[in-house]
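Observations on the three-dimensional arrangement
Given next are the chains, with one letter for each unit.
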Amino acid sequence: ERTLSTTGLRVISRLRIAMGFFSPAEAVGADSKHLKLHLKPLNGSGSINGISFGEGHLATALASGQPCDVLASVVENDFNGQTTLELMATGIRMH
């Protein structure tokens, strides 16, 4: 497993149709311990989902458009028969 450090990302909103609101980051899992993110480069296109285990407490501190740096591994996420790439963050630094 290789870890990469990426700087100059920003948290972007994801539409939560079932709940009827936009959320840049959300606490997920048992006891809301984990953090689910949707990230985009500050100077570029494209986006990627990310997860950070044990960082659910950061969900309320992250705002849409929030610049951040992330230390992460790129992993395959197999869910409901679909495989996607996402970041498994081991460190998040907010600006």
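Each residue is numbered by its place in its chain's sequence as written, counting from 1. Only residues with pLDDT of 70 or above have their local features reported here, since the model is predicted, and side-chain atom pairs are shown and tallied only from 80 upward, although totals for entire chains, interfaces and linings are computed over all residues. Based on all heavy atoms of the structure, the side-chain values leave hydrogens and waters out of the count.

This part takes up the overall build of the chain. By definition, any uninterrupted DSSP run of H or I lasting at least four residues is a helix, any uninterrupted run of E lasting at least two residues is a strand, and each is numbered from the N terminus. Within the chain, the secondary structure is distributed over 0 helices and 8 strands. Listing the helices and strands of the chain from first to last along the sequence gives β-β-β-β-β-β-β-β. Each residue gets one of three labels from its accessible area relative to the maximum for its type: buried under 20%, exposed over 50%, partly exposed in between, using a 1.4 Å probe on protein chains only. Counting all 95 residues of the chain, 31% fall into the buried class. Once local pairs closer than 6 in sequence are excluded, the contacts in the chain between residues at least 24 apart make up 54%. All accessibility values rest on the Shrake-Rupley procedure with a 1.4 Å probe; residue burial counts only the protein chains present in the view. Put simply, the chain shows about 6,000 Å² of open surface, and 52% of that area lies on carbon and sulfur atoms. Contact criterion: two residues are considered in contact whenever any of their non-hydrogen atoms come within 4.5 Å of each other.

This next bit is on the nonpolar core. By size, the foremost hydrophobic cluster in this structure holds 14 residues, and its most contacted members are Val11, Leu35, Leu37, Leu39, Leu62, Cys68 and Val70. If you list the elements that add at least two residues to this core, you get strand 1 (4-11), strand 5 (34-41), strand 7 (67-79) and strand 8 (82-94). Buried Ala, Val, Leu, Ile, Met, Phe, Trp, Tyr and Cys residues form a nonpolar core when they are joined through side-chain atoms within 4.5 Å.

The next point concerns the pairing of strand 1. Strands were regarded as paired on the criterion that DSSP finds at least two bridges between them. Of the pairings in the sheet, the one linking strand 1 to strand 7 comprises 5 bridges and is antiparallel in character. Across the sheet, the residue bridging to arginine 10 is proline 67, located in strand 7. In terms of strand pairing, strand 1 meets strand 5 through 3 bridges, oriented antiparallel. The residue bridging valine 11 from the neighbouring strand is leucine 39, located in strand 5.

Let us look at the pairing of strand 5. The pairing of strand 4 (residues 25-28) with strand 5 spans 4 bridges and is classified as antiparallel. Paired with alanine 25 across the strands is leucine 37, a residue of strand 5. Summarising the sheet, strand 5 and strand 6 (residues 48-52) pair through 5 bridges and their orientation is antiparallel. When the bridges of strand 6 are listed, leucine 39 appears paired with isoleucine 48. Counted along the chain from strand 5 to the antiparallel partner strand 6, the turn is 6 residues long, and its residue glycine 46 has a positive phi close to 85 degrees.

Our next topic: the environment of glycine 65. Topologically, glycine 65 is positioned in the loop between strand 6 and strand 7. A relative accessible area of 34% means that glycine 65 is categorised as partly exposed. Considering only alpha carbons, one finds glycine 65 and leucine 39, 26 residues apart in sequence, at a separation of 9.2 Å. Setting aside anything within four residues of it in sequence, one finds glycine 65 in contact with Arg10 and Val11.

We now examine unusual backbone geometry. Non-glycine residue aspartate 31 carries a positive phi angle of around 60 degrees. The class for aspartate 31 is exposed, based on a relative accessible area of 68%. At serine 32, a position not held by glycine, the phi torsion is positive, near 55 degrees.

Once that is clear, we can look at a nonpolar patch on the surface. Distance thresholds for patches are 9 Å for like charges and 5 Å for nonpolar side chains (Val, Leu, Ile, Met, Phe, Trp, Tyr), applied to residues having over 30% relative accessible area and no salt bridge. Definition used for salt bridges: Asp or Glu carboxyl oxygen within 4 Å of a side-chain nitrogen of Lys or Arg. Together, Leu4, Val74 and Leu85 make up a nonpolar patch on the protein surface, roughly 250 Å² of accessible area in all. Tracing the chain through its elements places leucine 85 in strand 8.

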